[in-house]
Each structure stands twice: as structure tokens, then as C-alpha cells.
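A closer look at the structure
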Amino acid sequence: MQAETRSRPPVDWTRLIKDAGFAAAIAFGLFALLVGLKTDQTLNNQMILVPRPQTLFALVAAVFVGRLLIGYWQATRAEGAARKKPRSNTMLKLEKYGLPVAVGFLVAYPLMVLFTVGPQGAIKWIDNFGIQILIYIMLGWGLNIVVGLAGLLDLGYVAFYAVGAYSYALFATSEPIKDFMAQIIGEGFWQAWAFWICLPVAGILAAFWGMLLGFPVLRLRGDYLAIVTLAFGEIIRLVLINWVEFSNGYAGISAIPRPSFFGIPFTAADNGFAATFGLEFSPIYRTIFLFYIILVLALVTAAVSMRLRRLPVGRAWEALREDEIACRSLGINTVNTKLTAFAIGAMFGGFAGAFFAARQGFISPESFVFHESAQILAIVVLGGMGSLLGVVIASILLVGGVEILRELDFLKQVFGDGFDPAQYRMLIFGICMVLMMLWKPRGLISAREPTVYLKEKKAVSADLVQEGHG
Amino acid sequence: MTMIAEQGAPAPAAARTPLLAVRGVKTYYGNIIALKGVDIDVHRGEIVTLIGANGAGKSTLMMTIFGKPQAREGSIVYDGRDITRMPTHEIARLGIAQSPEGRRVFPRMSVYENLQMGASVNNLAWFDEDLEKVCTIFPRLRERLQQRAGTLSGGEQQMLAIARALMSRPDLLLLDEPSLGLAPLIVRQIFEVIREVNAREGMTVFLVEQNAYHALKLAHRGYVMVNGLITMSGTGRELLADPQVKAAYLEGGHH
Ligand SMILES: Nc1ncnc2c1ncn2[C@@H]1O[C@H](COP(=O)(O)OP(=O)(O)OP(=O)(O)O)[C@@H](O)[C@H]1O
Ligand SMILES: [Mg+2]
């Protein structure tokens, strides 16, 4: 393999130059009149033609060089493909060892940030980067169950995120529930533990709504399913906007209680977190705590989906993705299989939503627009359907990338003060998507890891197990 | 040799109640009728073949037995139980396995995982044992257990489809065109396997085939379906000798 790599066959330059010359000739033909000549008016209103040989030459030269470069790139790439690197093996290894490394990094992340930039600057890095990315990782892992494993294209996943967020927000801010809880468990206890009590409720409610969505779409697949789920997401959002008595409409819900440290609030008061542990009060503790909550929630999502893949229900999901008729002929209850996929996927969306509400302290329908669904789906697809590590990488690139754009202040010096790099995030997002799909049409990590490895090593080379492209 | 289905079974078998009794089954696709009142008996331990032209309704009958689509009229009784209105996954649990038309393996899953899916009806209870068994029947699968099913050759995929159906330890095996698109040598191999599981384990097999000559030679009894109706039945040998069958389904001469 190595010897082969070194003795790469030479690129056929004559063919490339011919090809580029041909492209340049076409460009010349096209642009000679379009660009090469410019109509203009003279002072006495006569139309004259102004030749522009320099511009024309520059364009044709650009086409020539561009075509040459593309041709060279294609030629080298074709050789690379012919050499047949055992790609999928590396990918599977990456998935196997990359995940623990990533998790280890995440656990240490807040402390690392704290020590490098100090408590003042750390909040931004932990909150905007850490927590924000982790929310999307969790949503990506949750949606991955529905889309990646069960193959049900869901464009309305944000609906369950919204259900979770509003469940927590409404429960935690509702006076009747507060009075009721005060009678049963005491007001102080309810205040301290509201998040932890509501979290499972939010998950269960979201799962319930997942099932509710599941029933009407049981017989749909592919594009039709996508349209109905898209509509479902919009319906939930529109209900939240218009049913003002219930959800307070556009104004949203504010003053949502923040999670406590297992009963100890993050306040400057005497019974607060800082005082209890003899620390100086700082908002950073809450941020770090929130970071670890979402980290744990995300890891639970990952652990559950990894475990489920090895259980009959998970295998049924994957089989369902592959061939529904075959599933039925093998006695798999496809109805239950689909409903559990929707319900479990939705449940994790609900958890994430409850966390989101608790972290923000304020929610409104604005946070649950279709763009969110699209972004989560993009994360799953970019990551490579079904790959957990892929979702992590894609979240960091997409979510973290946008945050990074906000940081690029020096660009203002280059492009002038009016330039706000964050405004271009959608453009960059789009370009990245297109490039990604050209470069790796099946996502970053596309090899599917079998759920079982046989004990005896069978001599099956990696490319037999490898994913085909197409 | 009769022209009517009910009397088709040989005398000793007719005395017993059939394992699978299809009576007057009518199946529709929307308003289009595909089965116009089909009667079929399959007795325990038999190989029964159903032949017929393209579009006759053979696959529809297979799928109707499995409950998708459901028969609008008539009844299907399996082992004394009426399964006409039962959902497919419950029918599968009664010990019927189906290898549907066109292989339909799970392409992105490994051969091993495909076989696991086959055994999932009975929760992998005899998985290791049965894996060994199907690997003995189809040694090619043993060499390829880790390979993705989608990368198997057509014949290997068909072997996998049959093996997967066998993994559920069915009493009744429904096979829809197992020889579709396979080389003659592989076809013979697959028919040999069908004969073997029938002879050795007494598995009942109901087989739909275009390859009428081989299928009728293999079968104890056979049915001929034309346009959603059974028009002929008899033992395999009787049908093979029948001039009408010869003209319609054996043309082109298999030696
Ligand atoms: N899903 C469907 N919707 C509408 N019509 C159908 C459907 N499936 C089958 N049909 C029609 O029902 C009739 C019987 O089809 P079926 O597939 O049972 O034929 P077949 O005997 O298996 O043919 P072949 O030998 O070609 O497999 C055909 O006329 C077909 O067009
Ligand atoms: Mg058919």
C-alpha cells in the first residue's frame, strides 16, 4: 500500500491542458460579445462600442486556470479512489475511540475554560459555546433515533422541543400547580425541586405528542412523511402563538425558575450555592452546573440510543428503515416499532426543551421555528445518519461555527464598520452544506457499525462492509 | 386430474384437515379485484406449488395469507385458527414464515443481522443452533456473515432470504418465486434445499413459481392460477403431464 502511494502514476497533463484550452475557447466564444464589447453613449448621444480586451482576457484566463485546477483535482482524486484505502475501518475506529475522547474533553471543558480565561470571560465560552452546542448535540442524538435509525424523515422535530420547553415553563410558573404542590410537598421544596420534578413530566408529554404525531403518519414514508411532520411542527408553533390564554402568545413566558443545585439555589443569599460551599458569589457556578446538566442529559440520550440499537426494538428500527415489507413478513409489529421510535425520539427532544426553558428563563414561539428543525436535521444528515460521533462533529461545526462568526471582530477592520460576519451565517451554512454533500454525500461518518461482531475473525475485508456511495 | 380445486388433494391427505385452508378468498386493490374466490389446501408435510402467468394473482394470494392486504371475502384458516383478519405480525407468530417476492433482504445490515431479524419472532431462542443449520444448508452464507447483505450477489441474497425465513422455525414456509433471476445451477440448488427441509424436518412449503417445470417436479401437489382464479389442480406429476399446462407454462422445453 505504501509503495503504491509513493509511485503515484503521473497526471496526464496534455489531456488536462487540452481540456482547459477547450473550456477557454468556449468561454471566449461566450464572452467575446457579452463582455468583450461594451455599448456606451458618447456625449452627442451616439451609441458606440467600447472594446474591453483586458477584461475578456482575464475572464478567459480565469476559466482556463480554473478548469485546469478542477481537472487536476479530479485526476488525483480518481487515483486516490483507485488505490482503495480501507476507509471504513478508520471511520469505525474513529467512532469507537473518538467518542470517549470527546466525552472526556467535554467533562473537562468548563474547568479548562475557567482556568484559561478566568470567571469573567468563561461564561461566554461555557454558555454560548458549550451549552448551546450540547443542546444541539442532544437534539441531534434524539432526532437520530427517528431519522437515522428508524429512517422516518421528521421535519417537525422542533415541535417536541417546544412541547418540552412549554411543559416545564407552564408547570413551573403556574400558580394553581404551585399551590397544589405546596400542599403536598411544601412550597420551599417545590421551588427548589421544580426543574427536577418537571423534567420527566416534560419528557413524557413530549413522548405522548410524538405518539400522537405517529398515528396519522403510520402509513406515510419519505417525502409525504416529511411534509406532514413539517406541518405538525408549524401547527404546534401556531397554536403557541395564537392560544394566548394558554401560552401567552408572542409575548412568551418569562420568569421561568432556574434549576437548583439539588435543592440549593444559585443565589447570592445565605442559603445559596456560593454561601453554602464557602465560595464568593458568581453567576459562573450556575452556568457550569447547567453545562453539566445538559452534558448528562445528552450522554443519557447517547447511551440509551446505543443500548437500544442492540435490543430487539432498535434492530427492528433499523430493519424498518431498510425494508418495511420484509419487516412485516418477519413478524415485526411495524406499528409499534414506528410509534416507539417517534415517542423515544420525541422524549429526548422534550428533555432538551425543558432544559432550554430552564436555562433561558424565558421562552417564546420564536425559539421554535422551522429553521431549528432544519438545523437539527442538518446536523444529523451532515454527521452521517446513525452516527453518534458524526452528530457531535456536525454540531460543533454548525452551531459553534456560527458563534465563532460573532467573534470575528477583526473582519470589521477589513471590510469596514458596517460589516457583521454573523449576518452571513446562513450563506456560510448553505455553502458548507453544499460542499459537504459534494465531498461526502453520506455524511461525515458514514460507515454503519454492525451491532454484532463475530468472535472468530472472519477474513472479510473492510471494503466489503463499507458503505456504497449513491 | 380435475378442473376444480377442492378435489385436487390425493386421497390420504384429503382425510386430514389441512394445515392451511383458503376458502373463497376475494382480495381487492381498491376497486380492482385481484383474487376472485380462491380455494387452496395445504396439508402438513406437503410441498404445494402455485403456478400462473404474470399478474395472475399469485403474490397477492401469498400476501393475503399473511394478512396484507386482507381478504375482503372468504376465510383463511391455519391450524384450526381463523387468520383472515389477523395482523401480519401475529400471523408470523403462529409459525408461518414468508420469503416475499424479490428477496427483500436488509441491505445495510450484515448477513448475520439479517438472520437475527429472521429469528426475532421467537426472541432468538434457538438462534445459535439455527444459525449453524442454515449455514450448513447454505455454506456461502457462512463465509459472508459479516458482509453487508446489499453487497451479496442476487443468488446469495435469495439464499439469505430463504435462510432468514427458516430462522423463525416455521411450520409453514411461504416462498414467492425463490428462483427469480437466478442461474440454472443456483435454481437447482435452491429447489434441492426446499426438498431437503421438507423431507428432513417435515416443513410444509407453499411455493409460488414461474419455473413451472422444476417446481412441479418438486411438489407433491400443484395449483394453476389464471386471472385470480384457480383453474386446475392435481399432483405435480399430473400437472406436468397435462397438455394445457404443457402448452401454457412448460413451453420452451426444459429438456
Ligand atoms: N398494490 C397493488 N395495487 C393495485 N394493483 C395491484 C397491486 N399489487 C398487485 N396488483 C395487481 O393485482 C394483480 C395480481 O398481481 P400479483 O402481483 O399477485 O401477480 P403475480 O401472479 O404474482 O404476478 P408475477 O408472476 O408477475 O409476480 C395484477 O394485475 C397487479 O397489477
Ligand atoms: Mg408475483
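Let me begin by describing the structure that accompanies this report.

Conventions used here
Residues numbered from 1 in each chain as written. Chains lettered and ligands numbered in written order. Predicted model: local features only at pLDDT ≥ 70, side-chain atom pairs only at ≥ 80, totals over all residues. Heavy atoms only, no water. Pairing = 2+ DSSP bridges. Helix = DSSP H or I, 4+ residues; strand = E, 2+ residues; numbered from the N terminus. Phe/Tyr/Trp six-rings, centres within 6.5 Å; stacked < 30°, edge-to-face > 60°. Buried < 20%, exposed > 50% of the residue type's maximum accessible area, 1.4 Å probe, protein only. Contact = heavy atoms within 4.5 Å. Buried area = accessible area lost by both parts, 1.4 Å probe. Salt bridge = Lys/Arg side-chain N within 4 Å of Asp/Glu carboxyl O. Polar contact = N/O pair within 3.5 Å; in protein donor to acceptor, adjacent residues only side chain to side chain. Nonpolar A, V, L, I, M, F, W, Y, C, P; charged D, E, K, R; others polar. Donors = N, O, S within 2.8 Å, 3.2 Å for Na, K, Ca; no water. Patch = residues over 30% accessible without salt bridge, like charges linked within 9 Å, V, L, I, M, F, W, Y side chains within 5 Å. Areas by Shrake-Rupley, 256 points an atom, 1.4 Å probe, with all protein chains shown as cover.

Next up on the list: the pairing of strand β1 (residues 37-41) of chain A. All names here are of chain A. Sheet topology places β1 next to strand β2 (residues 47-51); five bridges connect them, and they run antiparallel. Paired with Lys 38 across the two strands is Val 50, which belongs to β2. Between β1 and β2, which pair antiparallel in sequence order, lie five residues; one of them, Asn 45, sits at a positive phi of approximately 60°.

All names here are of chain A. Under the definition given, this model contains 21 aromatic pairs over all chains. Ring geometry for Tyr 168 versus Phe 195: centroids 5.4 Å apart, planes at 90°, classification edge-to-face. Residue Tyr 168 is located in helix α5 (residues 158-173), and its partner Phe 195 is located in helix α7 (residues 187-214); the two are separated by 27 residues in the primary sequence. Given the relative accessible area of 1%, Phe 195 is considered buried.

Each partner contributes to the interface: chain A provides 31 residues, whereas chain B provides 31 residues. Approximately 2,900 Å² of surface area, both sides summed, lies buried where chain A meets chain B, with 57% of it carried by carbon and sulfur atoms. Where chain A touches chain B, the interface holds two salt bridges. Here Arg 104 of chain B ties to Asp 323 of chain A by a salt bridge, and the two come within 3.0 Å at their closest N and O atoms. In this assembly, chain A and chain B are joined by four residue pairs in polar contact (both at pLDDT 80 or more). At the level of secondary structure, the elements contributing two or more residues to the side of chain A that touches chain B comprise α12 (312-322), α13 (324-329) and α19 (462-465) of chain A. With six residues, α12 of chain A is the single largest residue contributor to the side of chain A that touches chain B. Among the residues making up the side of chain A that touches chain B, the classes are represented as 15 nonpolar, six polar and ten charged.

The next subject is the coordination of the magnesium ion (ligand 2). Residues and elements named next belong to chain B. Protein coordination of the magnesium ion (ligand 2) is provided by Ser 59 (OG), Glu 101 (OE) and Glu 101 (OE), with donor distances spanning 1.9 to 2.6 Å. Placement of the pair is Ser 59 in helix α2 (residues 58-65) and Glu 101 in the loop between β6 (96-99) and α4 (111-119), with a sequence separation of 42 residues. According to the relative accessible area criterion, Ser 59 is buried, its value standing at 17%. Taking relative accessible area as the criterion, Glu 101 reaches 35% and is therefore assigned partly exposed.

Below, the discussion takes up a nonpolar patch on the surface. A contiguous nonpolar patch, built from Tyr 424, Leu 427, Ile 428, Ile 431, Val 434, Leu 435 and Leu 438 of chain A and spanning about 680 Å² of accessible area, is present on the exposed surface. Looking at where Leu 438 of chain A falls in the secondary structure, it is placed in helix α18 (residues 425-439).

When you line up the elements, Ser 179 of chain B lands in the loop between β7 (172-176) and α8 (184-201). Here Ser 179 of chain B is in contact with Val 187, Phe 191, Glu 209 and Asn 211 of chain B, once residues within four sequence places are set aside.

Residues and elements named next belong to chain A. Here Gly 148 lies in helix α4 (residues 87-149). Along the chain, Gly 148 and Ser 387 lie 239 residues apart, while their C-alpha atoms are 7.8 Å from each other. In this structure Gly 148 touches Leu 143, Arg 321, Met 385 and Gly 386, once residues within four positions along its chain are discounted.

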